[in-house]
Amino acid sequence: QKEVEQNSGPLSVPEGAIASLNCTYSDRGSQSFFWYRQYSGKSPELIMFIYSNGDKEDGRFTAQLNKASQYVSLLIRDSQPSDSATYLCAGGDSNYQLIWGAGTKLIIKP
Amino acid sequence: GAGVSQSPRYKVAKRGQDVALRCDPISGHVSLFWYQQALGQGPEFLTYFQNEAQLDKSGLPSDRFFAERPEGSVSTLKIQRTQQEDSAVYLCASISRQGNTGELFFGEGSRLTVL
């Protein structure tokens, strides 16, 4: 069974520090990986996507993909209280289906 | 419209009732997805439409669940004879391109509570 695993947290990080979120996946056929942010009671919204091994940076966010080790990570620099949310990792192959993790709850402490 | 719109936002049903959940995707978006999200879990795929064609319904948990998109825009997810285990948030999402994965635009969801 294809799975995406995330630590449920909560992960508590001081304001201004780097938050590191991790995700592992079981399906070696997965080619595309996504990080979605979900505020409590709201719908998921896309933060970043990554297709290739290595790092991808967008503002305060960096996504990292290591296909050999089958893990994806998201780094948030200069963490802000507004970053407090649940972060969902999702992966898929060339198909349209995504396999979603259960999410990591991130708390940024002022 | 500006975003994906879902209605009702909240629905309370007695066990055994039928419910219908509506999704109005972003105008022009070809692909439409329904997901089920239980509390504390990630979204679980239910079904996928490309225009009016339902290309995959493998995620529908039972034959009590039915989805349609007759004109390739608005979609309805119907649940017959609701059970308590159907309680969840039902998310609709759309993307503009055919056959693409990810980069989904989600609606606010319909929270179903079955008593």
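Residues numbered from 1 in each chain as written. Chains lettered and ligands numbered in written order. Predicted model: local features only at pLDDT ≥ 70, side-chain atom pairs only at ≥ 80, totals over all residues. Heavy atoms only, no water.

### What about the overall build of chain A?
No. 1: The secondary structure content of chain A amounts to 0 helices and 11 strands.
No. 2: Mapped from its N terminus to its C terminus, chain A presents α and β elements in the order β-β-β-β-β-β-β-β-β-β-β.
No. 3: Whereas a compact globule of 110 residues would reach a radius of gyration of roughly 13 Å, chain A reaches 13 Å, a difference of no more than 12%.
No. 4: By its C-alpha atoms, chain A is 40 × 30 × 20 Å across when sized along the principal axes.
No. 5: Counting the 110 residues in chain A, one finds 43% classified as buried.
No. 6: Taking the contacts inside chain A whose residues are at least 6 apart along the sequence as the reference set, 53% of them involve residues at least 24 apart.
No. 7: Counting every atom, chain A has about 5,300 Å² of accessible surface; 47% of that belongs to carbon and sulfur.
No. 8: Computed over 10 positive and 11 negative side-chain charges, the inter-centroid distance for chain A is 2 Å. (Helix = DSSP H or I, 4+ residues; strand = E, 2+ residues; numbered from the N terminus. Rg over C-alpha atoms; globule rule 2.2 N^0.38 Å. Buried < 20%, exposed > 50% of the residue type's maximum accessible area, 1.4 Å probe, protein only. Contact = heavy atoms within 4.5 Å. Areas by Shrake-Rupley, 256 points an atom, 1.4 Å probe, with all protein chains shown as cover. Lys, Arg positive; Asp, Glu negative; His and termini not counted. Charge placed at Lys NZ, Arg CZ, Asp CG, Glu CD.)

### Some thoughts on the environment of Arg 77 of chain A
Residues and elements named next belong to chain A.
No. 1: By secondary structure assignment, the location of Arg 77 is in the loop between β8 (71–76) and β9 (85–92).
No. 2: Separated by 15 residues in sequence, Arg 77 and Thr 62 have C-alpha atoms that sit 8.3 Å apart.
No. 3: Excluding its chain neighbours within four sequence positions, the residues that come into contact with Arg 77 are Ala 17, Ile 18, Glu 57, Gly 59, Arg 60, Phe 61 and Thr 62.
No. 4: Side chain to side chain, Arg 77 and Thr 62 meet in a polar contact 2.7 Å long. (Polar contact = N/O pair within 3.5 Å; in protein donor to acceptor, adjacent residues only side chain to side chain.)

### So, unusual backbone geometry
No. 1: Here Gly 9 of chain A and Pro 10 of chain A are connected by a cis peptide whose omega angle stands at 10°.
No. 2: Structurally, the position occupied by Pro 10 of chain A is in the loop between β1 (4–5) and β2 (11–14).
No. 3: Cis geometry is adopted by the peptide bond preceding Pro 8 of chain B, which originates at Ser 7 of chain B and carries an omega value of -10°.
No. 4: One non-glycine residue, Gln 70 of chain A, lies in positive phi territory at about 60°.
No. 5: Assessed through its relative accessible area of 13%, Gln 70 of chain A is described here as buried.
No. 6: Positive phi outside glycine occurs at Arg 81 of chain B, with the angle close to 50°.
No. 7: Classification of Arg 81 of chain B as partly exposed rests on a relative accessible area of 43%.

### Re the nonpolar core
No. 1: Of all hydrophobic cores here, the largest spans 22 residues; its most connected members are Trp 35, Val 72, Leu 74, Ile 76, Tyr 87 and Leu 106 of chain A.
No. 2: Apart from the residues lying within four places of it in its own chain, the contact partners of Ile 76 of chain A are Ala 17, Ile 18, Ala 19, Leu 21, Arg 60, Phe 61, Asp 83, Tyr 87 and Leu 106 of chain A.
No. 3: In terms of nonpolar packing, the next biggest core, distinct from the first, is built from 20 residues, Val 4, Leu 60, Phe 65 and Ala 88 of chain B among them. (Core = buried A, V, L, I, M, F, W, Y, C linked by side-chain atoms within 4.5 Å.)

### Focus: the layout of surface pockets
No. 1: Approximately 660 Å³ is the volume found for the largest pocket.
No. 2: Elements represented by at least two residues in the lining of the largest pocket include exactly β9 and β11 (104–109) of chain A together with β9 (88–95) and β11 (110–114) of chain B.
No. 3: Broken down by element, the residue count for the lining of the largest pocket peaks at 4 residues, all from β11 of chain B.
No. 4: Counted by class, the lining of the largest pocket contains 12 nonpolar, 15 polar and 5 charged residues.
No. 5: Approximately 340 Å³ is the volume found for the second largest pocket.
No. 6: Gln 1, Lys 2, Ile 99 and Trp 100 of chain A together with Glu 44 of chain B are, among the 18 residues lining the second largest pocket, the residues nearest its centre.
No. 7: Among the elements of the structure, β1 and β10 (99–100) of chain A together with β5 (44–50) of chain B are those that each provide at least two residues to the lining of the second largest pocket.
No. 8: Each residue belonging to the lining of the second largest pocket can be placed in one class, and the counts come to 7 nonpolar, 7 polar and 4 charged. (1 Å grid on protein atoms, 1.4 Å probe; cavity = no way out; pocket = protein on both sides within 12 Å on 5 of 7 lines; lining within 4 Å. Points joined across faces, edges and corners; volume = space filled by probe spheres on them. Nonpolar A, V, L, I, M, F, W, Y, C, P; charged D, E, K, R; others polar.)

### Thoughts on the environment of Gly 91 of chain A
Residues and elements named next belong to chain A.
No. 1: Within the secondary structure layout, Gly 91 lies in strand β9.
No. 2: Judged by its relative accessible area of 2%, Gly 91 is buried.
No. 3: Note: C-alpha distance between Gly 91 and Ile 18 (73 residues apart in sequence) is 24 Å.
No. 4: When residues no more than four places from it in sequence are discounted, the contact partners of Gly 91 are Val 4, Ser 30, Ser 32, Phe 33, Gln 97, Leu 98 and Ile 99.

### So, the interface of chain B and chain A
For interface size, the figure often reported is the accessible area lost on association.
No. 1: Listed per partner, the contact involves 23 residues of chain B and 21 residues of chain A.
No. 2: Between chain B and chain A, the buried area comes to about 1,600 Å², and carbon and sulfur atoms account for 53% of it.
No. 3: In this assembly, chain B and chain A are joined by 0 salt bridges.
No. 4: Summed over the shared surface of chain B and chain A, the result is 3 residue pairs in polar contact (both at pLDDT 80 or more).
No. 5: Among the elements that line the side of chain B that touches chain A, the one with the most residues is strand β4 (residues 31–37) of chain B, at 3 residues.
No. 6: Its residues assigned to classes, the side of chain B that touches chain A shows 9 nonpolar, 10 polar and 4 charged. (Buried area = accessible area lost by both parts, 1.4 Å probe. Salt bridge = Lys/Arg side-chain N within 4 Å of Asp/Glu carboxyl O.)

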